[in-house]
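Chain residues, written in single-letter form:
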Amino acid sequence: AQSVTQLDSQVPVFEEAPVELRCNYSSSVSVYLFWYVQYPNQGLQLLLKYLSGSTLVKGINGFEAEFNKSQTSFHLRKPSVHISDTAEYFCAVIRTSGGYQKVTFGIGTKLQVIP
Amino acid sequence: KAGVTQTPRYLIKTRGQQVTLSCSPISGHRSVSWYQQTPGQGLQFLFEYFSETQRNKGNFPGRFSGRQFSNSRSEMNVSTLELGDSALYLCASRVTGGETEAFFGQGTRLTVV
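A brief report on the enclosed structure follows. Computed from a prediction, not measured in an experiment: that's the story for all the values here.

## Comments concerning the nonpolar core
One finds Leu-33, Trp-35, Leu-47, Leu-48, Phe-74, Leu-76 and Tyr-89 of chain A to be the most contacted residues of the largest nonpolar core, which totals 27 residues. Mapped onto this core, the elements with two or more residues apiece are β2 (10-14), β3 (19-21), β5 (32-38), β6 (44-50), β8 (64-68), β9 (73-78), β10 (87-97) and β12 (109-114) of chain A. Of the residues forming this core, the biggest block, four residues, is contributed by β10 of chain A. Membership of the second largest hydrophobic core comes to 21 residues, among which are Leu-21, Leu-46, Leu-81 and Leu-110 of chain B.

Next up, the structure:
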């Protein structure tokens, strides 16, 4: 079984301030880790993903995340947020088996950037 | 290259009715997955289809069903609608299995009254 915990349901932050969105996961096997962003009335868009290799992953729009195996975490960070970053962010854990994926999403974190 | 297309975007149905949602994946993508998104439950996996076969299924009642056609387009059907089925239904397509990225459509907003 696998699970994802996004510790904060809402994160308000002032424009140009740094932000960290937290994600912890649980799995008995190796998994892949993704962060998606959802803008209002839109589908999900991939921000970044960790498959293997370097634990620091850089994504689109200036976001990055660090995979920490010992702490089973994959926190998302941005050094300076913009109003346009206001959206909901989802952490996802993906396990592959027999050629198909088992995907588990976190409950989501709403990032509100305050002007 | 066109993205994942879901139709219709918005739908209002009455309790007890049935509904069919459509998803056209990105050209060349053979895997289609469906998700239900609600404020309280977040994103819940419904099922995945690959080459017209259901390969994985989430914990939803039998009222939720789907199918995939030979051109990879997929439909999802919900019968005997309940108020609790009101949600955003998202479709995602992938090239194939493994760790490949899923591309999401904009979703169909279903409201059951």
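So that's the structure; there's more coming.
## Considerations on the sheet that holds strand β3 (residues 19-24) of chain B
All names here are of chain B. Strand order in this open sheet of four strands is β1-β3-β8-β7, and the pairing throughout is antiparallel. Pairing within the sheet leaves two strands with one partner each, and these edge strands are β1 (5-7) and β7 (64-68). Direction aside, neighbouring strands of the sheet carry axes that sit 20° apart on average.

## A closer look at the pattern of salt bridges
All names here are of chain A. Taken as a whole and judged by the stated rule, the model has ten salt bridges over all chains. For Glu-20, the salt bridge is made with Arg-77, and the minimal N-O distance between the two is 2.8 Å. One end of the pair, Glu-20, is in strand β3; the other, Arg-77, is in strand β9, with 57 residues separating them in the sequence.

## Quick word on the pairing of β7 of chain B
Residues and elements named next belong to chain B. Bridge count for β7 against strand β8 (residues 74-78) is five bridges, and the pairing is antiparallel. In the sheet register, Gly-66 faces β8, and the bridge partner there is Met-76. Hairpin connection between β7 and β8: a loop of five residues separates the two successive antiparallel strands, and Ser-72 in this loop has a positive phi of roughly 80°.

## Here we look at the environment of Leu-111 of chain A
Residue and element names in this part refer to chain A. Mapped onto the secondary structure, Leu-111 falls in strand β12. Note: C-alpha distance between Leu-111 and Thr-86 (25 residues apart in sequence) is 5.3 Å. Ignoring any residue separated from it by four or fewer positions in sequence, one finds Leu-111 in contact with Val-11, Val-13, Val-19, Asp-85, Thr-86, Ala-87 and Tyr-89.

## As for the side chain of Gln-68 of chain B
All names here are of chain B. Relative to the elements of secondary structure, Gln-68 occurs in strand β7. Given a relative accessible area of 5%, Gln-68 falls into the buried group. For Gln-68, the side chain forms a polar contact with the main-chain nitrogen of Phe-50, separated by 3.3 Å. Those residues in contact with Gln-68 that lie beyond four places of it in its chain are Arg-30, Val-32, Tyr-49, Phe-50, Ser-51, Glu-52, Thr-53, Arg-73 and Ser-74.

## Some details on the packing of aromatic side chains
Residues and elements named next belong to chain A. What the rule picks out here adds up to 13 aromatic pairs over all chains. Ring geometry for Tyr-25 versus Phe-67: centroids 6.3 Å apart, planes at 25°, classification stacked. Here Tyr-25 is found in strand β4 (residues 24-27), whereas its partner Phe-67 is found in strand β8, with 42 residues between them in sequence. Under the relative-accessibility criterion, Phe-67 is labelled buried at 12%. Judged by centre distance (5.9 Å) and plane angle (55°), the rings of Tyr-36 and Phe-105 are tilted. In this pair, Tyr-36 is assigned in strand β5 and Phe-105 in strand β11 (residues 100-105), connecting sequence segments 69 residues apart.

Reading the values: the criteria
- Residues numbered from 1 in each chain as written.
- Chains lettered and ligands numbered in written order.
- Predicted model: local features only at pLDDT ≥ 70, side-chain atom pairs only at ≥ 80, totals over all residues.
- Heavy atoms only, no water.
- Core = buried A, V, L, I, M, F, W, Y, C linked by side-chain atoms within 4.5 Å.
- Buried < 20%, exposed > 50% of the residue type's maximum accessible area, 1.4 Å probe, protein only.
- Helix = DSSP H or I, 4+ residues; strand = E, 2+ residues; numbered from the N terminus.
- Pairing = 2+ DSSP bridges.
- Axes fitted to C-alpha atoms, helices over the stretch in contact; angles between N-to-C directions.
- Salt bridge = Lys/Arg side-chain N within 4 Å of Asp/Glu carboxyl O.
- Contact = heavy atoms within 4.5 Å.
- Polar contact = N/O pair within 3.5 Å; in protein donor to acceptor, adjacent residues only side chain to side chain.
- Phe/Tyr/Trp six-rings, centres within 6.5 Å; stacked < 30°, edge-to-face > 60°.

Taken by themselves, the reported measurements are silent on function.
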